[in-house]
Amino acid sequence: DGACNPTAGEICITAAKQENLGDGHHHATGFVDVRFGDARLQADELDFYVTPKPDGTSSRRIVAHGSAVFLRGEERLSGDRLEMDLDSGVGVFDNAMGYAQPGIFIEARKIERVSADTYRIHGGRFTSCSQPNPRWRFGAQSATLKLDDKVKAKHVVFRVLGVPAFYFPYFIYPIQEDQRSSGFLLPHYGSDQVRGRNVGGAFFWAMGRSLDHSFAVYYYSKWGWGFGHEVRYVRRGSSNGRFRSFFNRRQEEAGVAWDHDLRGYDAVQLAA
């Protein structure tokens, strides 16, 4: 009701039907809405348990069934079942999907919320593509997602338009808002008349706020293997620069030939 204050540590539950089953067990059904702290949960059915602790305090736990939806800040996660400790926010979603943060859509067999900024994901699929049929996504046997930092995943398969394209035993995907977290960048796939079909990937190394490196490997159906590197920097006085190198190993009838392309600049921005 209006007197309930979730920000003061209270658990506020509204539902079409509620009943007390005794021994700290409260049951609610019919569009259940729960508010606690800065979070909110909605479900078709919910069990609320209050269990005394030896130190005189009590633990408060919920088990939600049927279209359970968890909302907190920019987090939007839903699942068939949700079990959560309301005091710590630690919980488990079964058959879950949603956004742990904007721009990162997740579907998973199980998602564990181990802290306010960390998730463990089992049997997950990830994408930042908002289309109904994503142009790309990657699936992982297991992964750890740290909000506004990175996704660390094991046994990763990338799919382009639903077709498996790459496999990595271990993969780091940066998800920082400023895009300056070290990790593998999304694989590239394309084609042109000169080089043919090509696939490739790169690793981004953020050495600091003003210096980074990228290392790339490509394979071209007509040209063979290519290797690239780029360094970018910003110095005091609005000076900045970029240097790029690319080497291509081509297999020809006469043998192996190497091509290279070196480019760079150093610029100083003058005050207006």
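A. Up close: the environment of Lys110. Position of Lys110 among the secondary structure elements: in strand β8 (residues 104-115). As a C-alpha pair, Lys110 and Ile121 span 11 residues in sequence and 6.1 Å in three-dimensional space. Here Lys110 is in contact with Val92, Phe93, Asp94, Arg120, Ile121 and His122, once residues within four sequence places are set aside.

B. A look at the pairing of strand β11 (residues 150-160). Summarising the sheet, strand β10 (residues 136-146) and β11 pair through 10 bridges and their orientation is antiparallel. For Leu145, the partnering residue across the bridge sits in β11 and is Val151. In this structure, the hairpin formed by β10 and β11 is closed by a connection of 3 residues, where Asp148 is found at a positive phi of approximately 50°. In terms of strand pairing, β11 meets strand β12 (residues 163-174) through 10 bridges, oriented antiparallel. In the strand pairing of β12, Val157 is matched with Tyr167. Turn length for the β11-β12 hairpin, with the two strands adjacent in sequence and antiparallel, is 2 residues, and the turn residue Leu161 shows positive phi of about 55°.

C. Representation of the side chain of Ser214 in the model. Residue position: Ser214 is located in strand β16 (residues 211-220). Here Ser214 falls in the buried class, since its relative accessible area comes to 15%. In contact with Ser214, not counting residues within four places along its chain, are Phe203, Phe204, Gly228, His229 and Glu230.

D. Quick look at the confidence of the model for the chain. For the chain, mean pLDDT is 83; residues scoring 70 or higher make up 88% of the total. Mean pLDDT in the chain bottoms out at strand β13 (residues 183-184), which sits at 69, and peaks at strand β4 (residues 39-52), which reaches 93.

Rules of the game
Residues numbered from 1 in each chain as written. Predicted model: local features only at pLDDT ≥ 70, side-chain atom pairs only at ≥ 80, totals over all residues. Heavy atoms only, no water. Helix = DSSP H or I, 4+ residues; strand = E, 2+ residues; numbered from the N terminus. Contact = heavy atoms within 4.5 Å. Pairing = 2+ DSSP bridges. Buried < 20%, exposed > 50% of the residue type's maximum accessible area, 1.4 Å probe, protein only. pLDDT = per-residue confidence, 0-100.

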